[in-house]
Amino acid sequence: KNEVEQSPQNLTAQEGEFITINCSYSVGISALHWLQQHPGGGIVSLFMLSSGKKKHGRLIATINIQEKHSSLHITASHPRDSAVYICALRYNTDKLIFGTGTRLQVFP
Amino acid sequence: EAQVTQNPRYLITVTGKKLTVTCSQNMNHEYMSWYRQDPGLGLRQIYYSMNVEVTDKGDVPEGYKVSRKEKRNFPLILESPSPNQTSLYFCASRARLALRGTQYFGPGTRLTVL
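Everything numeric here is computed off the predicted structure, so don't read it as measured data.

## Some points on the sheet that holds strand E1 (residues 4-7) of chain A
All names here are of chain A.
Argument step 1. The five strands lie next to each other as E1-E3-E8-E7-E6, forming an open sheet whose pairing is antiparallel. Edge positions in the sheet fall to E1 and strand E6 (52-56), since each of these pairs with one other strand and no more. Across the sheet, the mean angle from the axis of one strand to that of its neighbour is 15°, orientation sign disregarded.
Argument step 2. The sheet contact formed by E1 and strand E3 (residues 19-25) spans four bridges and is antiparallel. The partner of Val-4 across the bridge, within E3, is Tyr-25.

## Digging into the packing of aromatic side chains
Argument step 1. In the structure shown here, the tally under the stated rule is three aromatic pairs over all chains.
Argument step 2. Ring centres of Phe-98 of chain A and Tyr-35 of chain B lie 5.1 Å apart, and the angle between their planes is 90°; this geometry places the pair in the edge-to-face category. Of the two residues, Phe-98 of chain A sits in strand E10 (residues 96-98) while Tyr-35 of chain B sits in strand E4 (residues 31-38), which places them in two different chains.
Argument step 3. Since its relative accessible area comes to 9%, Phe-98 of chain A is described here as buried.
Argument step 4. One aromatic cluster is present, formed by Phe-98 of chain A together with Tyr-35 and Phe-105 of chain B through successive ring pairs.

## Considering the layout of surface pockets
Argument step 1. Roughly 620 Å³ of volume is contained in the largest pocket.
Argument step 2. If you trace the largest pocket, you find 27 residues lining it, with Gln-37, Val-84, Thr-100 and Arg-103 of chain A together with Gln-37 of chain B closest to the centre.
Argument step 3. When contributions to the lining of the largest pocket are tallied by element, the ones reaching two or more residues are strand E9 (83-90) and strand E11 (102-107) of chain A together with E4, strand E5 (42-51) and strand E9 (87-94) of chain B.
Argument step 4. In the lining of the largest pocket, the residues fall into nine nonpolar, 15 polar and three charged.
Argument step 5. In terms of lining residues, the second largest pocket is bounded by 17 residues, among which Asn-2, Val-4, Ile-97, Phe-98 and Thr-100 of chain A are the most central.
Argument step 6. Grouping the amino acids of the lining of the second largest pocket by side-chain chemistry returns six nonpolar, seven polar and four charged.

## Some details on the state of the cysteines
Argument step 1. On inspection of all chains with the given rule, the structure shows two disulfides over all chains.
Argument step 2. Note that Cys-23 of chain A is cross-linked by a disulfide to Cys-87 of chain A, the S-S spacing being 2.0 Å. Across the disulfide from Cys-23 of chain A to Cys-87 of chain A, rotation about the S-S bond amounts to roughly 65°, and the bridge is consequently right-handed. Here Cys-87 of chain A lies in strand E9 and Cys-23 of chain A lies in strand E3, a separation of 64 residues in the sequence.
Argument step 3. The class for Cys-23 of chain A is buried, based on a relative accessible area of 0%.
Argument step 4. The disulfide partner of Cys-23 of chain B is Cys-91 of chain B, and the gap between their sulfur atoms is 1.8 Å.

## Side note on the sheet that holds strand E1 (residues 4-7) of chain B
Adjacent strands of a sheet pair through backbone hydrogen bonds, lying either parallel or antiparallel.
Residue and element names in this part refer to chain B.
Argument step 1. As summarised here, the arrangement of the four strands in space is E1-E3-E8-E7, forming an open sheet in which the pairing is antiparallel. Here the strands that pair on one side only, and so sit at the sheet edges, are E1 and strand E7 (65-66).
Argument step 2. Sheet topology note: the E1/strand E3 (residues 19-25) ladder contains four bridges and is antiparallel. Looking at E3, one finds that Gln-6 is bridged to Cys-23.

Calculation notes
- Along each chain, the written sequence defines residue order, and numbers are assigned to residues from 1.
- As a convention, the first chain written is A and the first ligand written is 1, with the rest following in written order.
- Side-chain atom pairs in this predicted model are given and counted only at pLDDT of 80 or more, local residue features only at pLDDT of at least 70, and totals for whole chains, interfaces and linings cover all residues.
- With hydrogens and water set aside, each side-chain value is computed from the structure's full complement of heavy atoms.
- DSSP calls a pair of strands paired once it identifies at least 2 bridges connecting them.
- In this description a helix means any DSSP run of H or I spanning at least four residues, a strand means any run of E spanning at least two, and both kinds are numbered starting from the N terminus.
- As a rule, the C-alpha atoms of each element are fitted with a line to give its axis, helices using only the stretch in contact, and angles between N-to-C directions run from 0 to 180 degrees.
- Side-chain rings of Phe, Tyr and Trp (the six-membered ring for Trp) are treated as a pair once their centres are within 6.5 Å; stacked means planes under 30 degrees apart, edge-to-face means over 60, and tilted covers the remaining angles.
- When accessible area is computed with a 1.4 Å probe and restricted to protein chains, residues below 20% of their type maximum are described as buried, those above 50% as exposed, and intermediate ones as partly exposed.
- A pocket here means an open set of points on a 1 Å grid, computed over the protein atoms alone, that has protein on both sides within 12 Å along at least five of seven lines. A cavity is instead a set of points where a 1.4 Å probe fits but cannot get out; residues with an atom within 4 Å of a point line either one.
- Grid points are joined across faces, edges and corners, and a volume is the space filled by probe spheres set on the points.
- Residues are grouped as follows: Ala, Val, Leu, Ile, Met, Phe, Trp, Tyr, Cys and Pro are nonpolar; Asp, Glu, Lys and Arg are charged; every other residue, Gly included, is polar.
- A pair of cysteine sulfur atoms is labelled a disulfide when the two atoms are within 2.5 Å.

Encoded structure:
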């Protein structure tokens, strides 16, 4: 069983829709990261969470440590949000384990 | 401009010919890492470093070496590359006390081993 599972694997949406991407994990962690990988391959770090909720613009990330679950929400989605979104688990050192990603396509 | 640079960006080589991929950051970050990305397998960590002269294995360290002699540089060395090391490689760095935990990624190095 994988330590980290993301769902859905693929997601299509119309511009303006509310998007939710889920990440579930089975191990103890010190933090969880959300990353965005653009179609050109570049990777951008969106959030690092160890508890609660964070917001940056139209992006909201939440984590429930007891349930070992995190969600990434995109409000008022836009075609430029089309990318692969990846969650990653951080252990007490700097070791990272990655989910396989969620491919999001937002159509106008 | 804060950035992580990698060189080369593209490399085609042959089995067994030693190569080095350089990684440099200009943000005085303590932590640096190397990752590889393969279709169907996603990103996997190769090695990480928490400071100068401090390195540790990630998930897939076999066939790779690293060194951290200076804070800004973290080269990835393939002593005897093999075709299964054909991949897209990313270097990343972050500050130990980063409030947002932001990791900065390099642009990637696409390596093909024939």
